[in-house]
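Report on the structure
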Amino acid sequence: MTSADAANDAARILALRAEIEEHNRRYYVLDDPAISDSEYDGLFRALQELEARHPQLVTPDSPTQRVGSAPLPEFASVVHKTPMLSLSNAFSDAEVAAFDRRVREALGMPMEIPVEYAVEPKFDGLAIGLSYVDGRLQTGATRGDGFSGEDVTENLKTVPVIPINLKGEGWPARLEVRGEVLMRRRDFLALNRRQTERGEKTFANPRNAAAGSLRQLDSRITATRALSFFAYGAIFDSGGDSSSLPATHSALLDRLESWGFPVTRHRRAVSGLDGVLGYYREMGELRAGLPFDIDGVVYKVDALAAQERLGFVSRAPRFALAHKFPAEEAETLVTGIDIQVGRTGALTPVARLQPVFVGGATVTNATLHNEDEVRRKDVHIGDTVIVRRAGDVIPEVVRVLPEKRPEDARGFVMPSCCPVCGSAVVKGEDEAVTRCGGGLFCPAQRKQALWHFASRRALDIEGMGGKIADQLVDSGLVHTPADLYHLRPEQLAALERMGERSAANLLASIEKSKETTLARFIYALGIRNVGEATARDCARHFGRLERILAASEAELMQVPDIGPIVARSLLDFAAEAHNREVVDALRAAGVHWPEHEPAPRMAAAEEEAGLPLAGKTFVLTGTLPTLSREEAKELILARGGKISGSVSKKTDYVVAGAEAGSKLEKAQALGVALIDEEGLRELLNTCRAQSPPFMAGSARHGVTGAEGAPHCVEESPTFRLG
Ligand code: IVH
């Protein structure tokens, strides 16, 4: 080859790389592809061939090198220098107005001058942080719990639009870019098709597909997954020189774009409340036509100096707000109503639906909660209904379209016998729930009880999911949790889809679970109305299992936050000989925990003052997606919070779920902080929020994109003894 040919090839390689990168950008970022997939493949192959001829010209940032590398044994953990926070949510114009008012008040701005906001879509993917040193990608990490995440650098390097080397100039020596990895709907559907063809598991929605693809230990798999990325914030560290920091979030995003980061073209700066609400409506109309899922829009005070002044509350910035879209709804047909039997025997009617795509997933059934709910909504088999689904929330039937009811539509009758075990069902006078009276005689209840027993927060038997619990019960190997501790390897290995190796692993996890705590053990027993927090309180109060099982109603009610209902559940449990036998069998099999004398009672006030939510009052309203009212309450109480039935100025948080009513309105009127279940969970996982590091310290960092965080101390998950 002549040197002229070689120079030609070198130039062609550079040109092809630039061309491929531009096509990636057009596809993943602009949604405006200029060539077909096969033409793209042609360019890619041409580059591969040229590079094969000139291996010395291959650089790590070539598109051909984004193919992943050898699998990792596990992901390393990365501590985020600046924690990755979440956003406060708003669901109504009134909440947005309250946000605008708070911002204006905090900044001391008069009514006539509107606040300038940077507005963007709220991408429905997963948050990541990308660290660049001297313009080169160093580390990429998932959000994790906000304080530390997983090092997924190798995976992120395979995402075509994430820059490995920055373009242009003027980037700070250290730059951390935050943004969202997502999968376009089209790529999600194609991936699921491929997965089905290969007999592998499909993903429920694009977000899960993106998360699943990014969290592959084998980055070569990630490389096949067509992931996209949008940057929405950055933390600059120019080593003390703050002169080059942008003045606004909008300018910051422009800079990120000039350095090669994908930034949404749906971003904009708008003025005041009218501006943000106008943008919300506009994006609401564009939403269905976008190539990827968004679940709302985000407003950020544009001026970075104002962001810094506003700071943070708990784990969310005061200068930003997510305005969520309502849950998506769709029309479909009820083809049947089945009954599911839960862990405590509750019979739940479930509507079987003609499959319908809604809220980012195909929905085939929806919970009808209980008999009264079926009556109230008047759902018949054969009805056309509106179903709703948001995020990972269980889909629900919103209403029936009576005009579409066929003549042969059939009403629903709650069976009088359990459909699984045939035992008679029971329903208390003022109870909504119908229960199977079979207790642990009922295989459905046994399966669920076993699954609960093994779950992470209970005895934490790794590898024992619902499917295995089902198999163990169906095969007759396990009647009560105590039987788990007598399983032999060959019995397990004989189960379907279980090899010798998995059997050995499961047995090892079972063995490991023998060493536990009293609180976990009580929780694992699955006693009605006894959640984790109650179990912990009981353990702390009584110290020994025998004392709990022997306690009278009055003694039980001395435990803080145990009322007559929980006390009754504990007494009923203890009175049942069968339950005592299971407890004895578990202990005989070697399940043990450190025994303690009961904790000396601190003065209530003193004890509570040490808890993270001490002094905070919560009001619960509406239906939360996964927590029951009772569970939410327990969790709050266990951390020292108070529950109140009505909203006043003294209320610190209103936790609002679906169909929240007047309490929500009142909270908005009074400007009380509104959070959803996600927000609550975050609060529960956090301790004392202190001032954000950049506010307390030097002006070393320009923090924007609604990032930067209070330093939070993670609460110890175990209970304090003595
Ligand atoms: S700013 C302080 N901007 O929403 C957190 N977040 O609830 C700042 N998200 O974990 C993030 N689109 O994954 C921001 N345009 C956007 C966003 C966005 C989606 C996600 C992000 C974050 C979650 C916060």
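See the structure above.
An account of the accompanying structure is given in this report.

1. Focus: the pairing of strand 8 (residues 228-237)
Taken across its 10 residues, strand 8 has 10 buried, putting it largely inside the fold. Here strand 7 (residues 174-182) pairs with strand 8 via nine bridges, running antiparallel. Bridge pairing in strand 8 links L182 to S228.

2. With respect to helix 24 (residues 662-670)
For helix 24, the set of buried residues is L664, A667 and Q668. Take helix 24 and look down its axis: the buried residues cluster within an arc of 100°, on one side only. Residues of helix 24 that are exposed and point more than 90 degrees away from the buried face comprise S662, E665 and A669. On its buried face, helix 24 sits against helix 3 (93-107), strand 21 (617-621), strand 23 (653-656) and strand 24 (673-675). Count one or two residues on from helix 24 and you reach G671, which has phi positive near 70°.

3. Side note on the nonpolar core
Counting 71 residues, the largest nonpolar core has Y117, F229, L256, F261 and Y299 as its most contacted members. Here the element with the most residues in this core is strand 8; it accounts for six residues. Contact partners of F261, with chain neighbours within four places excluded, come to L130, Y132, P163, L166, L175, V177, F229, A231 and L256. Counting residues in each nonpolar core, the second largest holds 54 residues, with F521, A524, L525 and A551 among its members.

4. What about the pattern of salt bridges?
Pairing is possible between side chains that carry opposite charge, provided their charged atoms lie close to one another. The final tally for this structure, using the stated rule, is 42 salt bridges. Notably, a salt bridge pairs E328 with R287, separated by 3.9 Å at the nearest N-O pair. Here R287 lies in the loop between helix 9 (272-286) and strand 10 (294-301) and E328 lies in strand 14 (residues 328-341), a separation of 41 residues in the sequence. For E328, a relative accessible area of 34% puts it in the partly exposed group. Among the salt bridges present, the one from R405 reaches D378, with a minimum N-O distance of 3.4 Å. Of the two residues, R405 sits in the loop between strand 18 (396-400) and strand 19 (425-427) while D378 sits in the loop between helix 11 (371-377) and strand 17 (384-389), which places them 27 residues apart along the sequence. Judged by its relative accessible area of 27%, R405 is partly exposed. A relative accessible area of 37% means that D378 is categorised as partly exposed. What you see here is one network of salt bridges that share partners, running through E371, D372, R375 and K427.

Reading guide: rules and limits
Residues numbered from 1 in each chain as written. Predicted model: local features only at pLDDT ≥ 70, side-chain atom pairs only at ≥ 80, totals over all residues. Heavy atoms only, no water. Buried < 20%, exposed > 50% of the residue type's maximum accessible area, 1.4 Å probe, protein only. Helix = DSSP H or I, 4+ residues; strand = E, 2+ residues; numbered from the N terminus. Pairing = 2+ DSSP bridges. Arc of directions from axis to C-beta. Contact = heavy atoms within 4.5 Å. Core = buried A, V, L, I, M, F, W, Y, C linked by side-chain atoms within 4.5 Å. Salt bridge = Lys/Arg side-chain N within 4 Å of Asp/Glu carboxyl O.

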